[in-house]
Amino acid sequence: MKSQSASLILRRNLCYIVLIILTILSLFPFFILIINSTRSHNQIQLGFSVLPGVSFIDNFKTLITNDNIPVMRGLVNSVYVSAMSAVLTTYFSCMTAYGIYMYRFKGRQFSFRFILLVMMVPAQVSAAGFLKLLTRLGMMDKLVSLYIPAIAAPVVFFYLYQAMESTLPYSIVEAARVDGCNEFRTFNEVAIPMMKPSIAVQAIFAFVSSWNNYFTPALVISTKTKKTVPILIAELRSADYQKFNMGTVYMQIFLSIVPLMIVYLFLSRSIIAGVTAGGVKE
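These lines cover the structure that appears in this document, whether it is placed above or below.

Cut-offs and rules
Residues numbered from 1 in each chain as written. Predicted model: local features only at pLDDT ≥ 70, side-chain atom pairs only at ≥ 80, totals over all residues. Heavy atoms only, no water. Helix = DSSP H or I, 4+ residues; strand = E, 2+ residues; numbered from the N terminus. Rg over C-alpha atoms; globule rule 2.2 N^0.38 Å. Buried < 20%, exposed > 50% of the residue type's maximum accessible area, 1.4 Å probe, protein only. Contact = heavy atoms within 4.5 Å. Areas by Shrake-Rupley, 256 points an atom, 1.4 Å probe, with all protein chains shown as cover. Lys, Arg positive; Asp, Glu negative; His and termini not counted. Charge placed at Lys NZ, Arg CZ, Asp CG, Glu CD. 1 Å grid on protein atoms, 1.4 Å probe; cavity = no way out; pocket = protein on both sides within 12 Å on 5 of 7 lines; lining within 4 Å. Points joined across faces, edges and corners; volume = space filled by probe spheres on them. Nonpolar A, V, L, I, M, F, W, Y, C, P; charged D, E, K, R; others polar. Polar contact = N/O pair within 3.5 Å; in protein donor to acceptor, adjacent residues only side chain to side chain. Salt bridge = Lys/Arg side-chain N within 4 Å of Asp/Glu carboxyl O.

1. A few points about the overall build of the protein chain
When its secondary structure is counted, the protein chain shows 14 helices and zero strands. For the protein chain, the N- to C-terminal ordering of α and β elements is α-α-α-α-α-α-α-α-α-α-α-α-α-α. A globule of 282 residues ought to have a C-alpha radius of gyration of about 19 Å, yet the protein chain, at 24 Å, is considerably larger. Looking at the protein chain residue by residue over its 282 residues, the buried ones come to 37%. The long-range share in the protein chain, meaning contacts at least 24 apart out of those at least 6 apart in sequence, stands at 74%. Entry remark: accessible area of the protein chain is about 17300 Å², with carbon and sulfur atoms responsible for 68%. Here the protein chain contributes 23 positive and 11 negative side-chain charges, whose respective centroids are spaced 6 Å apart.

Quick look at the structure:
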């Protein structure tokens, strides 16, 4: 009995050690990013250091006073586009999944398989047609063209459809219908609250994906005040040698991850609450 207890303690301690090592490895790049954002360009060129510098304020002032790269405006644009993308992606994907999951109609299986087929097509393949469509609609160089396409998100649909199969019983929806609740109200007040943890997960993924998206904004946006963070980071890194400053580059990258951390911390409460609350079974 004692040997089994000792073996269990040993395995548990080994798990803790492995988890601690993995945590350190995961956080190490962020640590380097924060340290380098406090150092000057010359200090960064000298090599790695675990001690912070004293140039954090200088790097921040240099960054926000750069007239060629409107960093704060870019942050606002990225937050707006990413938030709208997350809302539209999760809501309409959940509505599509709800319609295919709850209703038995002719062509249901075809619709499901067609959406999965679209999921396999990369965005780069349809880029030329997408730009042609935006040109005809007069939506080039507009932020709305960056988040309206998020309505159609096959990957999010597939995940939420799978989640509905395990967390949304038919009996709950049928009970709401018997009580006189219409379909739209049933979806908003019954289905969405039960899907809240899954929606929160996909909202995080959608926000991060839109925030890191460089391909589409680079094709669509040309006005300086409408550019998003990834484009501004690329422009700052591609500056000529005399104006290149690694300290401001690290500062801009540091500022770009702050909204992501805030969004994750805010939505993680919904994820944890959903897991601890448990699920409803038929």
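And the narrative resumes.
2. Description of the layout of surface pockets
In this approach the atoms are scanned with a rolling probe the size of a water molecule, which exposes any empty space left behind. Of the volumes computed, that of the largest pocket is approximately 1200 Å³. Considering the residues around the largest pocket, the lining is formed by 41 residues, among which Ala123, Pro149, Ala150, Ala152 and Ala153 are closest to the centre. Mapped onto the lining of the largest pocket, the elements with two or more residues apiece are α4 (71-102), α5 (108-119), α6 (127-137), α7 (144-147), α8 (154-167), α11 (196-212) and α12 (215-220). Broken down by element, the residue count for the lining of the largest pocket peaks at eight residues, all from α4. Among the residues making up the lining of the largest pocket, the classes are represented as 26 nonpolar, 15 polar and no charged.

3. Looking at the environment of serine 256
Mapping serine 256 onto the fold places it in helix α14 (residues 246-277). With sequence-adjacent residues up to four places away left out, serine 256 is seen in contact with Leu75, Trp211, Val229 and Ile233. There is a polar contact of 2.5 Å between the side chain of serine 256 and the backbone oxygen of isoleucine 253.

4. Things to note about the pattern of salt bridges
Applying the stated criterion across every chain yields a total of three salt bridges. Arginine 177 serves as the salt-bridge partner of glutamate 183, at 2.9 Å between the closest nitrogen and oxygen. A relative accessible area of 30% places glutamate 183 in the partly exposed class. The exposure class of arginine 177 is partly exposed, given its relative accessible area of 29%. Notably, a salt bridge pairs arginine 185 with glutamate 189, separated by 3.1 Å at the nearest N-O pair.

5. Some details on the environment of methionine 140
Within the element layout of this structure, methionine 140 appears in the loop between α6 and α7. The class for methionine 140 is partly exposed, based on a relative accessible area of 30%. A C-alpha to C-alpha distance of 45 Å links methionine 140 and valine 50, two positions 90 residues apart in sequence. Those residues in contact with methionine 140 that lie beyond four places of it in its chain are Leu131, Leu134, Thr135, Leu219 and Val220.

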